[in-house]
Amino acid sequence: MEKIFRNLAFSSASLVFVILIGIFITLFLASKDSIDEFGLGFIVNPNWNTEISLSNPNANMDMDMDMDDSSASDDMMMLDDEDDMPAEADTMLFDEDVKDTFTEYGGLVPIVGTLLSTIIALVFALPIAMGIAVFLAEIAPKNIAYPIGIAIELLAAIPSIIFGMWGLYYFAPIVADLVGGYQVSLLTAGLVLGVMILPFMAAITRDSMNTTPDVLKESAYAMGATKFEVIKDIIFPYSKVGIIGSIILALGRALGETMAVAFLIGSIFTLPSSITDPTISIPVAMANNFGEAAGLGESSLFYLALILFIISFAIISIAKLYFLRGAK
Amino acid sequence: MPVMNIQDFSFTYPNVSHPSLKNINMKIRKNKITALIGPSGCGKSTLLRSMNRIHDLYPGNRYEGTIDLLNDSTQKMENILDIKKENEFIELRQRVGMIFQKPTPFPMSIFDNVAYGLKIAGIKNKSELAGRVEQALKDGALWKEVNDRLDKSAMGLSGGQQQRLCIARAVAVKPEVILFDEPTSALDPISTGAIEELLVELKKDVSIAIVTHNMQQASRISDYTAFMYLGDLIEFDKTESIFLNPKEKQTEDYITGRFG
Ligand SMILES: Nc1ncnc2c1ncn2[C@@H]1O[C@H](COP(=O)(O)OP(=O)(O)OP(=O)(O)O)[C@@H](O)[C@H]1O
Ligand SMILES: [Mg+2]
């Protein structure tokens, strides 16, 4: 009996690994064309779905930032991107003389959009979530903490598309009024993402703060500590693992969030020159473009997906290794 | 000489109709160990936790009577039940320390644990901190075991070491009274012995009140003993008198193991 149970538990646990590796391999195979084509230069190339003229392959390649505007080449642009062109692309251009234009895909814009919107969300949500959690766990009397706690848990359960609509129609105009710039922008997307992950972070942080044993808090008070000192020196260090867990989960959610961001980020493949500019994120690029994508475009979307997978995985592993080792 | 004088003291928990302590009269004497004994639920912890008003972390308790604490500088007795402001509570708790049943090391290094009370009391000077931490660890009979790993987490110590760390941490702020609530009930006999020795050593500097379920412990280390039963103080006297010729029948029954 025990053996059966152990095998069952073991196989469920290994299933997680199998799925993880399976997803990785699938993404890798699906993006292989794009990887062969653009190599690692994909990551730093800001052009997406851009036609490049192949008329004069020995000279510097002409390319356009914008696909509608396909005539005169922009010298500045060309110089900028020279280094980014992967070697594979070059050789391929020499081999194939049939076509005279070639469509280029690069992931820099959505990668930057994803990272920046996530960072904005985290910077905005983290202090507020900690404040709410401290209030609920330590300051508010039970009869107030309880209903607020439930409200926050409900907020965490609202589907993201509702956050997106609310953000677009009510929140974005206010933000644009306050700080200027576009209504759909990195900033509004990041802030709405922040509002989305906030209740979730606050609820988990409150729960882990509540696990601090009363006698530990009492013994700090018995040393003459104030409430603030007990929160800072006892409760935060004690619940550190849980708090970091909540940040990691929130980070994962923010990185992969599609609907709310799709409403607000503007969905254009342009590098933002300020945080009030519109841009695009990886999940939004995938959601918007998979319908029409084929060939190299489709493969490049898979390449983006692979990059998102690796980013999420790397951030979570680093956070875990770094903080959880520190916590021991 | 009493450092603490408890008079006509009654205590009622919030949302409870009847008091958990009724009309208690006893003293904690200077540089003596006073033991509180009695069957489970008789109110020993409740009484001890009134002496530093740690009860007040939770609202709604009712106190009656007085608990006077000797003010060392003026030699006057001051009623701690009058305290209302936060800074007065902090001062009270710096003067009346407390050790709990389970060791409660803070999630920080050994050094920081012992320095904690000093730091929050505003001592910043590094060499003064180091000196007082060392002295406190020596007073806590722990210095020899930990002096080479002061920067390691306190969680890595054994239970007995953790409890001595908590004692050192309490001693570091030089309190006048330290309250112990069953400090050895979670420890093995050897660690228990070490702590008992430590208490006898410590009473040169502080006055001690200790709750214990262990009759031998009370008779070994205490100078005075209070026997409590169902919220009443049945008998309070010198430890020899309580153990050798108790005046009350209930006391005798309890210490001879006939009930409780
Ligand atoms: N927070 C509380 N609210 C209400 N009643 C309480 C509370 N804490 C303790 N009591 C009651 O007060 C009485 C005394 O409890 P106390 O903890 O002081 O007993 P004790 O003598 O320390 O017992 P033990 O030896 O088991 O530790 C008990 O009847 C208990 O049920
Ligand atoms: Mg008790």
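Residues numbered from 1 in each chain as written. Chains lettered and ligands numbered in written order. Predicted model: local features only at pLDDT ≥ 70, side-chain atom pairs only at ≥ 80, totals over all residues. Heavy atoms only, no water.

Enquirer: Explain the overall build of chain A here, please?
Expert: Tallying secondary structure elements over chain A gives 14 helices and three strands in all. Burial status across chain A gives 45% buried among its 328 residues. For chain A, the proportion of contacts with a sequence separation of at least 24, taken over those separated by at least 6, is 76%. Here chain A displays about 16,700 Å² of accessible surface, and carbon together with sulfur accounts for 68% of that area. (Helix = DSSP H or I, 4+ residues; strand = E, 2+ residues; numbered from the N terminus. Buried < 20%, exposed > 50% of the residue type's maximum accessible area, 1.4 Å probe, protein only. Contact = heavy atoms within 4.5 Å. Areas by Shrake-Rupley, 256 points an atom, 1.4 Å probe, with all protein chains shown as cover.)

Enquirer: Mind showing me how you'd approach the interface of chain A and chain B here?
Expert: For interface size, the figure often reported is the accessible area lost on association. Chain A puts 18 residues into the contact, and the matching count from chain B is 24 residues. Viewed at the interface, chain B and chain A are joined by one salt bridge. The closest approach of N and O atoms between R49 of chain B and E218 of chain A, which form a salt bridge, is 2.8 Å. Across the contact surface, chain A and chain B share four residue pairs in polar contact (both at pLDDT 80 or more). (Salt bridge = Lys/Arg side-chain N within 4 Å of Asp/Glu carboxyl O. Polar contact = N/O pair within 3.5 Å; in protein donor to acceptor, adjacent residues only side chain to side chain.)

Enquirer: What is the right way to read the domain arrangement of chain A from this model?
Expert: Residues and elements named next belong to chain A. Segmenting chain A into domains produces domain 1 (2-107) and domain 2 (109-327). Of the residues lining the interface, 23 residues belong to domain 1; the matching set on domain 2 comes to 20 residues. Regarding the contact of domain 1 and domain 2, the summed buried area is about 1,900 Å², with carbon and sulfur atoms giving 79% of it. When the buried surface of domain 1 facing domain 2 is broken down by residue, L27, W48 and G107 rank first, second and third, together holding 31% of it. Looking at the side of domain 1 that touches domain 2, the elements that each hand over two or more residues are α1 (2-30), α2 (32-38) and β3 (101-105). (Domains from an automatic or database assignment. Buried area = accessible area lost by both parts, 1.4 Å probe.)

Enquirer: Just checking my understanding: could you explain the packing of helix α8 (residues 186-210) of chain A against helix α11 (residues 240-256) of chain A for this structure?
Expert: Packed helix pairs are characterised by how far apart their axes lie and by the angle those axes make with each other. Residue and element names in this part refer to chain A. Packing of α8 against α11 brings their axes to within 9 Å, and their N-to-C directions diverge by 160°. On the basis of their axis angle, the class for α8 and α11 is roughly antiparallel. For the pair α8 and α11, the crossing hand works out as right-handed. Contact residues: α8 offers L193, M196, I197, F200, M201, I204, T205, S208 and M209, while α11 offers G242, I243, S246, I247, L249, A250, R253 and A254. Partitioned by chemical class, the residues of the contact of α8 with α11 number twelve nonpolar, four polar and one charged. (Axes fitted to C-alpha atoms, helices over the stretch in contact; angles between N-to-C directions. Parallel < 35°, antiparallel > 145°, perpendicular 65-115°, else oblique. Left-handed = near helix turned anticlockwise from the far one by under 90°. Nonpolar A, V, L, I, M, F, W, Y, C, P; charged D, E, K, R; others polar.)

Enquirer: Just checking my understanding: could you explain the pattern of salt bridges for this structure?
Expert: Where side chains of opposite charge bring their charged atoms close, a pairing between them can arise. All names here are of chain A. Taken as a whole and judged by the stated rule, the model has 20 salt bridges over all chains. As a salt-bridge pair, E138 and K217 come within 2.9 Å of each other at their nearest N and O atoms. Remark: K217 occurs in helix α9 (residues 214-221) and E138 occurs in helix α5 (residues 108-139); sequence separation between them is 79 residues. Across the pair, exposure class does not vary: E138 and K217 are buried alike. Residue K232 is joined to D233 by a salt bridge in which the shortest nitrogen-to-oxygen separation is 3.2 Å. A relative accessible area of 43% means that K232 is categorised as partly exposed. We classify D233 as buried; its relative accessible area is 15%. Several salt bridges share partner residues, and in doing so they unite E138, D214 and K217 into one network.

Enquirer: Mind showing me how you'd approach the packing of aromatic side chains here?
Expert: For any pair of aromatic rings, the description rests on two quantities: the centre-to-centre distance and the angle between the ring planes. Evaluation of the coordinates by the stated rule reveals 15 aromatic pairs over all chains. Here W48 of chain A and Y105 of chain A contribute two aromatic rings whose centre-to-centre distance is 4.9 Å and whose plane-to-plane angle is 75°, an arrangement assigned as edge-to-face. With W48 of chain A in strand β1 (residues 48-53) and Y105 of chain A in strand β3, this residue pair connects regions lying 57 residues apart in the sequence. When its relative accessible area of 10% is taken as the criterion, W48 of chain A is described as buried. A relative accessible area of 10% places Y105 of chain A in the buried class. Ring centres 6.1 Å apart and planes at 35° place the aromatic pair F9 of chain B and Y63 of chain B in the tilted group. In this pair, F9 of chain B is assigned in strand β1 (residues 2-12) and Y63 of chain B in strand β4 (residues 62-71), connecting sequence segments 54 residues apart. Judged by its relative accessible area of 0%, F9 of chain B is buried. For Y63 of chain B, a relative accessible area of 18% puts it in the buried group. An aromatic cluster of three or more residues is present, and its members are F38, F42, W48, Y105, F269 and Y303 of chain A. (Phe/Tyr/Trp six-rings, centres within 6.5 Å; stacked < 30°, edge-to-face > 60°.)

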